Amino acid sequence: MNRALMRGPLCHACRRDVIRTFSSFCGVSIPRHSLPSSRYTHVNTRAFSSVPRLRSDIPSSSPGSPPPAPSYKNVQIDNETPAPSQHVPWYLQEETPIAESQPVLSRDHLPELPEDPPAILPTLLEYTFKDLGLDNLKLFDLRHLETPPALGANVIMIIGTARSVKHLNVAADRLCRWLRSTYKLSPYADGLLGRNELKIKLRRKARRARIASQSGAIVDEKDDGITTGWICVNAGVVEEAPVVEQEDFQGFEGFGAINAGTRVVVQMFTEDKRAEVDLDGLWQGNLDRARRQKQRELESANAAGTENGATQQSQSQ
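Residues numbered from 1 in each chain as written. Predicted model: local features only at pLDDT ≥ 70, side-chain atom pairs only at ≥ 80, totals over all residues. Heavy atoms only, no water.

What is the right way to read the environment of Val165 from this model?
By the secondary structure assignment, Val165 is in helix α4 (residues 165–183). Along the sequence, Val165 and Thr228 sit 63 residues apart, while their C-alpha atoms lie 8.3 Å from each other. (Helix = DSSP H or I, 4+ residues; strand = E, 2+ residues; numbered from the N terminus.)

When you look at a nonpolar patch on the surface in this model, what are you seeing that I'm missing?
Among the surface-exposed residues, Val88, Trp90, Tyr91 and Leu92 lie close enough to one another that they form a single nonpolar patch of about 530 Å² accessible area. Along the polypeptide, Tyr91 turns up in the loop between α2 (12–26) and α3 (120–131). Judged by relative accessible area, Tyr91 falls into the exposed class, the value being 57%. (Patch = residues over 30% accessible without salt bridge, like charges linked within 9 Å, V, L, I, M, F, W, Y side chains within 5 Å. Areas by Shrake-Rupley, 256 points an atom, 1.4 Å probe, with all protein chains shown as cover. Salt bridge = Lys/Arg side-chain N within 4 Å of Asp/Glu carboxyl O. Buried < 20%, exposed > 50% of the residue type's maximum accessible area, 1.4 Å probe, protein only.)

Can you walk me through the pattern of salt bridges in this structure?
Think of it this way: side chains of opposite charge can pair up when their charged atoms draw near. Taken as a whole and assessed by the stated rule, the structure comprises six salt bridges. In this structure, Lys130 engages Glu126 in a salt bridge whose closest nitrogen and oxygen atoms are separated by 3.3 Å. Taken together, the positions of Lys130 and Glu126, both in helix α3 and four residues apart, correspond to about one turn of that helix. For Lys130, a relative accessible area of 56% corresponds to the exposed category. Arg274 is the salt-bridge partner of Asp280, the closest N and O atoms lying 2.5 Å from each other. As far as the burial class goes, Asp280 and Arg274 line up, both buried. One salt-bridge network, in which partners are shared between bridges, spans Lys138, Arg274 and Asp280.

Would you take a moment to explain the pairing of strand β5 (residues 262–270) for this structure?
The side chains of a regular strand alternate, first on one face of the sheet and then on the other. Within β5, eight of the nine residues are buried, leaving the element largely enclosed by the surrounding structure. Bridge count for strand β2 (residues 155–162) against β5 is eight bridges, and the pairing is parallel. Pairing of Met157 across the sheet is with Val265, part of β5. Bridge count for strand β4 (residues 230–239) against β5 is eight bridges, and the pairing is antiparallel. For Gly236, the partnering residue across the bridge sits in β5 and is Val264. (Pairing = 2+ DSSP bridges.)

Any chance you could explain a negative patch on the surface here in plain terms?
Residues Glu115, Asp116, Glu239 and Glu240 make up a contiguous surface patch of negative charge. Along the chain, the position of Asp116 falls in the loop between α2 and α3. (Lys, Arg positive; Asp, Glu negative; His and termini not counted. Charge placed at Lys NZ, Arg CZ, Asp CG, Glu CD.)

Would you take a moment to explain the packing of α3 against α4 for this structure?
To characterise two packed helices, one gives the angle between the axes of the helices and the distance between these axes. Axis separation between α3 and α4 bottoms out at 12 Å; the angle between their running directions is 145°. The chirality of how α3 crosses α4 is right-handed. Together, Ile120, Thr123, Leu124, Tyr127 and Asp131 of α3 and Arg174, Leu175, Trp178, Leu179 and Tyr183 of α4 make up the contact between the two elements. (Axes fitted to C-alpha atoms, helices over the stretch in contact; angles between N-to-C directions. Left-handed = near helix turned anticlockwise from the far one by under 90°. Contact = heavy atoms within 4.5 Å.)

I keep staring at the packing of aromatic side chains and nothing clicks. Help me out?
In the structure shown here, the tally under the stated rule is four aromatic pairs. With 4.2 Å between their ring centres and 5° between their planes, Tyr127 and Trp178 make a pair best called stacked. One end of the pair, Tyr127, is in helix α3; the other, Trp178, is in helix α4, with 51 residues separating them in the sequence. Between Trp230 and Phe269 the ring centres are 4.9 Å apart and the planes differ by 25°, which places this aromatic pair in the stacked class. Residue Trp230 is located in strand β4, and its partner Phe269 is located in strand β5; the two are separated by 39 residues in the primary sequence. Every member of this aromatic cluster is reached through a ring pair, and the members are Tyr127, Trp178 and Tyr183. (Phe/Tyr/Trp six-rings, centres within 6.5 Å; stacked < 30°, edge-to-face > 60°.)

So what exactly am I meant to see when it comes to the side chain of Asn234 here?
Here Asn234 lies in strand β4. There is a polar contact of 3.0 Å between the side chain of Asn234 and the backbone nitrogen of Gly236. The contacts of Asn234, once residues within four sequence positions are left out, are Leu151, Ser186, Pro187, Tyr188, Val264 and Val265. (Polar contact = N/O pair within 3.5 Å; in protein donor to acceptor, adjacent residues only side chain to side chain.)

Just to check I follow, could you spell out helix α5 (residues 195–215) for this structure?
Given 3.6 residues per turn, any residue in an α-helix points the same way as the ones three and four places further on. In this model, α5 (21 residues) spans 31 Å end to end at C-alpha, consistent with the 30 Å of a helix rising 1.5 Å per residue. Two residues or fewer after α5 comes Gly216, characterised by a positive phi angle close to 85°. (Expected span 1.5 Å × (residues − 1).)

Mind showing me how you'd approach the side chain of Gln267 here?
Note that Gln267 resides in strand β5. Here Gln267 falls in the buried class, since its relative accessible area comes to 4%. A polar contact of 2.9 Å, which involves the side chain of Gln267, links it to the side chain of Trp230. The contact partners of Gln267, leaving out residues within four places of it in the chain, are Leu151, Met157, Ile158, Ile159, Gly160, Trp230, Ile231, Cys232 and Leu279.

Honestly, that's just the spatial picture; any functional story needs more than this.
Rendered as structure tokens:
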């Protein structure tokens, strides 16, 4: 029976299973290495070849001659990989030469300080230029004018240009807040609308536009009182003048005290409004006129002095 069982299955796996089943019934343990091992078939491997394997690529031969044996050429694969470029850390890299910066335009320069300026003036100019962002700043020293301007005597005026109407209002509001918090001044911004006043004007403007649309009329919005393009910030007296005591003063007496301190006024414009008003040309013309008049007075005084000296010499002779 055992021989019949051993003859029946032909494959090694079946024989191994039969032997294990029979030994389990008999109670005999068979070691694993004593079982017949399976035969391993060797797989023929061929080298990598560059010969085409398609039939259409193989040259046709005569029917009588045997097909030529393909010649395989082993292709050597280049295992040499290019060496990676050496990484240089950022702190060892050479700094690239920085191109020379272009010269700053004259309109972006801070104006020169006048003679005997108040202590607040340099800080105010720097804040107006850097923090507020006003361009084309000009400074006019009106303290030596014989006829004081309407803003008062001893005025130093700063004129700047804002980029837009929104920038104009924001810059004026920030300047007033800065003067109040830093120097405890009481500035007044003429042309700057408060939040409540702006809401009222916008509501009135919308009502006029609604009525005009119903009646078919055209509303002229050139001067609506909201976008003026010009704000004058009067910082007031920033430096008190020394009090001069006059014992024998003969003149008019009235109410109030004469305030002879130095005032600072900042004029803010949009670009179009500044060109339209031309406040720079107005005050520059007044300063040039006062300078010429002062020069003529000096020349006349020198001429009178020389004439008096000549007459005295003639009388002495």
